[in-house]
Amino acid sequence: MIKAEILRNREIAPEVFLLSMRVPESFSGAPGQFVMVRFEGLDFPLLGRPISIHSLYRDRKGAICDLLYRVVGIGSAVLSRMKKGGRLLILGPLGRGFTVRAEIERVFLVAGGMGVAPLFYLAEYYRKCTGGRKREIICFLGARNADTLLDLERLRKTCSEVLICTDDGSRGFHGQVTQLLAAEMGKYTGEKTAVFACGPRAMLAALSRQIAGESFPCEVSVEEKMACGIGACLSCAVSLRGGAYARVCKEGPVFDIRELDWDHGSTE
C-alpha cells in the first residue's frame, strides 16, 4: 500500500467525481490499469474500491494521479465526501493494461458512459508517445444524455476528433455509440488502425459482433466486482471462448475483444 494525499475531489456530473491525488514520484501505471482505494484510519468499508487510472502526470512536486468514479455504493459514497488534504491508501497499479502499438497511425476510442475513465489516459499516452509518427486519435463518446457526457473538453484537447452520441438525442448523434462507430468507420481505412473500448457489457458485446469480420486489433476494458484486486479471491472471473475463465483483476481488466465469450458470464 502507498499513501496518497487528495488535492481535489469535485463532482463533474450527477454522482460522478474527479479526484486528483498526490502519489510518490516513483508511481507509474500503464493505460488501462487500476488501483484499489482504501481510507487511511478507517476500518469500514472493509474492502477496497477498484478504480481505473484516469490520468497520470507530473509537476514540480512529483506525480499526480486522477481517478474518475461514480457513486454506486458505500465505498464510493465515503470517497465522494473526502476533502482536500484527506489521506488514501492505494494498492497498485494493478492488472493488465492496453497494448500500446508504436506502428498504429489511427486510434479509435469507443467510450460508453463511465467507460471514458481508462480511455482518456490511453489517449494522453498515445498523443505524447508519437515517436515522430503522425497519428489520429478519434474518440466516439456516448452517454445517456447531454448532461452525462464526461470529460468532453479534456478529450477535445487531447484527441484529433471527438464524435458525440446520446441515447436520447439531446446532443450529437441520436443512438448508441456502436451505431455511431458503424456510421463513421467507413470514412477511414482499416490499415494501421486499432480500436480500444470501455463501457457497459451490452455495448462491448455489440462491438464484438460489429467487428467480427475485421482484422484490426481491438482491446476492451471490462468491469467486474472485485474483493482483493490481486487474483486471490476469484470473485471477478469472466468467461473466455473455449470454456476457460480469466480473472479481471489479474489477466484483465483489458482483454482482446475476441478472447471473451459474450454469450456467457458477466462483466458488469
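For the structure, check the block above.
Model, not experiment: these values are computed from the prediction.

(A) Seen up close, the overall build of the protein. A tally of regular secondary structure across the protein gives five helices and 15 strands. Computed over its C-alpha atoms, the radius of gyration of the protein comes to 18 Å, within 12% of the 18 Å expected for a compact globule of 268 residues. Summarising its shape, the C-alpha atoms of the protein cover approximately 55 × 45 × 40 Å along the three principal directions. Looking at the protein residue by residue over its 268 residues, the buried ones come to 53%. Of the contacts formed within the protein by residues at least 6 apart in sequence, a portion of 65% connects residues at least 24 apart. Working note: accessible area of the protein is about 12,500 Å², and carbon and sulfur atoms make up 50% of it.

(B) The pairing of strand E1 (residues 2-13), seen in detail. Judged from the four bridges that link them, E1 and strand E6 (residues 87-94) form a sheet pairing that is antiparallel. By the bridge assignment, alanine 4 is partnered in E6 with leucine 88.

(C) Expanded view of the sheet that holds strand E4 (residues 49-59). The sheet built from six strands closes into a barrel, its strands ordered E1-E2-E5-E4-E3-E6 with antiparallel pairing. Sheet twist, expressed as the average angle between the axes of neighbouring strands with direction ignored, equals 45°. Sheet topology note: the strand E2 (residues 16-23)/strand E5 (residues 62-70) ladder contains eight bridges and is antiparallel. The partner of phenylalanine 17 across the bridge, within E5, is tyrosine 69.

(D) Quick peek at the nonpolar core. Core analysis: the biggest nonpolar cluster contains 36 residues, and Leu207 and Val220 have the highest contact counts within it. If you list the elements that add at least two residues to this core, you get strand E3 (34-39), strand E7 (106-112), strand E8 (136-143), strand E9 (161-166), helix H4 (177-185), strand E11 (193-198), helix H5 (201-210) and strand E12 (218-221). When residues of this core are assigned to domains, at least three map to each of domain 1 (2-94) and domain 2 (106-256). Discounting residues that sit within four places of it in the chain, valine 220 has contacts with Phe98, Ala197, Leu204, Leu207, Pro253, Val254, Phe255, Ile257, Leu260 and Trp262. One finds Val116, Leu119, Phe120 and Leu141 within the second-largest nonpolar core, a separate group that totals 32 residues.

(E) The arrangement of a positive patch on the surface in detail. Together, Arg8, Arg10, Arg60, Lys61 and Lys84 give the surface a local cluster of positive charge. For lysine 61, the location among the structural elements is in the loop between E4 and E5.

How each quantity is defined
Residues numbered from 1 in each chain as written. Predicted model: local features only at pLDDT ≥ 70, side-chain atom pairs only at ≥ 80, totals over all residues. Heavy atoms only, no water. Helix = DSSP H or I, 4+ residues; strand = E, 2+ residues; numbered from the N terminus. Rg over C-alpha atoms; globule rule 2.2 N^0.38 Å. Buried < 20%, exposed > 50% of the residue type's maximum accessible area, 1.4 Å probe, protein only. Contact = heavy atoms within 4.5 Å. Areas by Shrake-Rupley, 256 points an atom, 1.4 Å probe, with all protein chains shown as cover. Pairing = 2+ DSSP bridges. Axes fitted to C-alpha atoms, helices over the stretch in contact; angles between N-to-C directions. Core = buried A, V, L, I, M, F, W, Y, C linked by side-chain atoms within 4.5 Å. Domains from an automatic or database assignment. Patch = residues over 30% accessible without salt bridge, like charges linked within 9 Å, V, L, I, M, F, W, Y side chains within 5 Å. Salt bridge = Lys/Arg side-chain N within 4 Å of Asp/Glu carboxyl O. Lys, Arg positive; Asp, Glu negative; His and termini not counted. Charge placed at Lys NZ, Arg CZ, Asp CG, Glu CD.

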